[in-house]
Amino acid sequence: MEFAEGGVEFRKAGIGSLENLELGVGGSFMYDNGTRHTVNDYSSIPLYGVVRYNIININDSIMPYVKGHLGYSINSLSDNVYNSQGGRVDGDMKGGLYYGVGIGVELYGFTIELMYRGINAEFKQDDKYDYYDGETKANKTSLGLSIGYNVSCLINPAACYESAFKQPDYILVK
């Protein structure tokens, strides 16, 4: 597997008079095993704020939504990066802006989500080779489909099945 991800979000439903707005925080781990052997072979830990707007409540159990992420990504370079002469490249991968925007639907506590995400990163080379010319941008963007579950549905199933808009604070694991 070239790339894998897992994450968790904590959100508060019903902000002020907007019962369909949710705000929270989240984090994930994005692992890249370095099979391309370039500075883009890095793993990330994005930490971010979450905004989710539940568009409409269908049948008290089905809820489409739009969602956004904005935060900072801590990045770590693979050990398998080489220069044009075949030598291993040493250096530091700097963190940077993390962002995402997507759409999804929650069905009886399960979520299916399509998100476009971006990570800004910069590689600063320690070696004196001219391959990377000191600093290189290593930004990544991706479009991903994820499946998750609202674990608060295990604690309070009525909150997930009676009215999707009146959910308690909850945790999403994907």
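Computed from a prediction, not measured in an experiment: that's the story for all the values here.

Let's shift gears to the overall build of the protein. Each helix and strand in the protein was counted, giving 2 helices and 11 strands. Ordering the α and β elements of the protein from the N terminus gives β-β-β-β-β-β-β-β-β-β-α-α-β. For the protein, buried positions account for 43% of its 174 residues. Pairs at least 24 apart in sequence give 62% of the contacts found in the protein among residues at least 6 apart. About 8,900 Å² of surface is accessible on the protein, with carbon and sulfur atoms providing 62% of the total.

Moving on, we get to the pattern of salt bridges. What the rule picks out here adds up to 8 salt bridges. The salt bridge partner of R52 is E106, with a shortest N-O separation of 3.0 Å. Here the residue R52 occupies a position in strand β3 (residues 42-54), and E106 occupies one in strand β6 (residues 96-107), the gap between them amounting to 54 residues. Between K67 and E113 there is a salt bridge, with its nearest N and O atoms 3.0 Å apart.

Now for the nonpolar core. In a soluble, globular protein the nonpolar side chains are often hidden away together inside. Formed by M30, Y42, Y48, V50, L77, M93, Y98, I119, A121, F123 and A138, the largest nonpolar core amounts to 11 residues. Among the elements that take part in this core, β3 stands out by supplying 3 residues, more than any other.

The next thing to look at is the environment of I62. As for its placement among the helices and strands, I62 is situated in strand β4 (residues 62-77). A residue is classified by how much of its surface remains accessible, and I62, at 22% relative accessible area, is partly exposed. If near-sequence neighbours (up to four positions away) are discounted, I62 is found in contact with I56, N57, V105, E106 and L107.

On to the sheet that holds strand β8 (residues 122-125), then. Within the open sheet, the 3 strands sit side by side as β5-β8-β9. Their pairing is antiparallel. Every other strand in the sheet has two partners, leaving β5 (91-94) and β9 (135-137) as the edge strands with one partner each. Averaged over neighbouring strand pairs, the angle between their axes works out to 20° when direction is ignored. When β5 meets β8, the two strands line up antiparallel, connected through 4 bridges. Its bridge partner lying in β8, D92 is registered against K124.

Attention now moves to the pairing of β4. Across 13 bridges, β3 lies against β4 in antiparallel orientation. Looking across to β4, one finds that V50 is bridged to H69. The sheet contact formed by β4 and β6 spans 12 bridges and is antiparallel. Following the sheet pairing, Y65 is matched in β6 by G104.

Glancing now at the side chain of K67. Assignment of secondary structure puts K67 in strand β4. Overall, the relative accessible area of 4% leaves K67 in the buried class. At 2.9 Å, the side chain of K67 forms a polar contact with the side chain of E9. Side chain to side chain, K67 and E113 meet in a polar contact 3.0 Å long.

Here we take up the confidence of the model for the protein. Mean pLDDT over the protein stands at 79; residues scoring 70 or higher make up 71%. Mean pLDDT across the elements of the protein ranges from a minimum in strand β11 (residues 170-173), with 55, to a maximum in β6, with 95.

Next up on the list: the packing of aromatic side chains. Scanning the model with the defined rule gives 2 aromatic pairs in all. Judged by centre distance (5.3 Å) and plane angle (35°), the rings of Y48 and Y98 are tilted. Highlighted residues: Y48 in strand β3 and Y98 in strand β6, separated in sequence by 50 residues. The exposure class of Y48 is buried, given its relative accessible area of 4%. The class of Y98 is buried, set by a relative accessible area of 1%. Between the NZ or CZ atom of R52 and the centre of the ring of Y65, over which it lies, the distance is 3.8 Å.

About the cut-offs
Residues numbered from 1 in each chain as written. Predicted model: local features only at pLDDT ≥ 70, side-chain atom pairs only at ≥ 80, totals over all residues. Heavy atoms only, no water. Helix = DSSP H or I, 4+ residues; strand = E, 2+ residues; numbered from the N terminus. Buried < 20%, exposed > 50% of the residue type's maximum accessible area, 1.4 Å probe, protein only. Contact = heavy atoms within 4.5 Å. Areas by Shrake-Rupley, 256 points an atom, 1.4 Å probe, with all protein chains shown as cover. Salt bridge = Lys/Arg side-chain N within 4 Å of Asp/Glu carboxyl O. Core = buried A, V, L, I, M, F, W, Y, C linked by side-chain atoms within 4.5 Å. Pairing = 2+ DSSP bridges. Axes fitted to C-alpha atoms, helices over the stretch in contact; angles between N-to-C directions. Polar contact = N/O pair within 3.5 Å; in protein donor to acceptor, adjacent residues only side chain to side chain. pLDDT = per-residue confidence, 0-100. Phe/Tyr/Trp six-rings, centres within 6.5 Å; stacked < 30°, edge-to-face > 60°. Lys NZ or Arg CZ within 6 Å of the ring centre and 35° of its normal.

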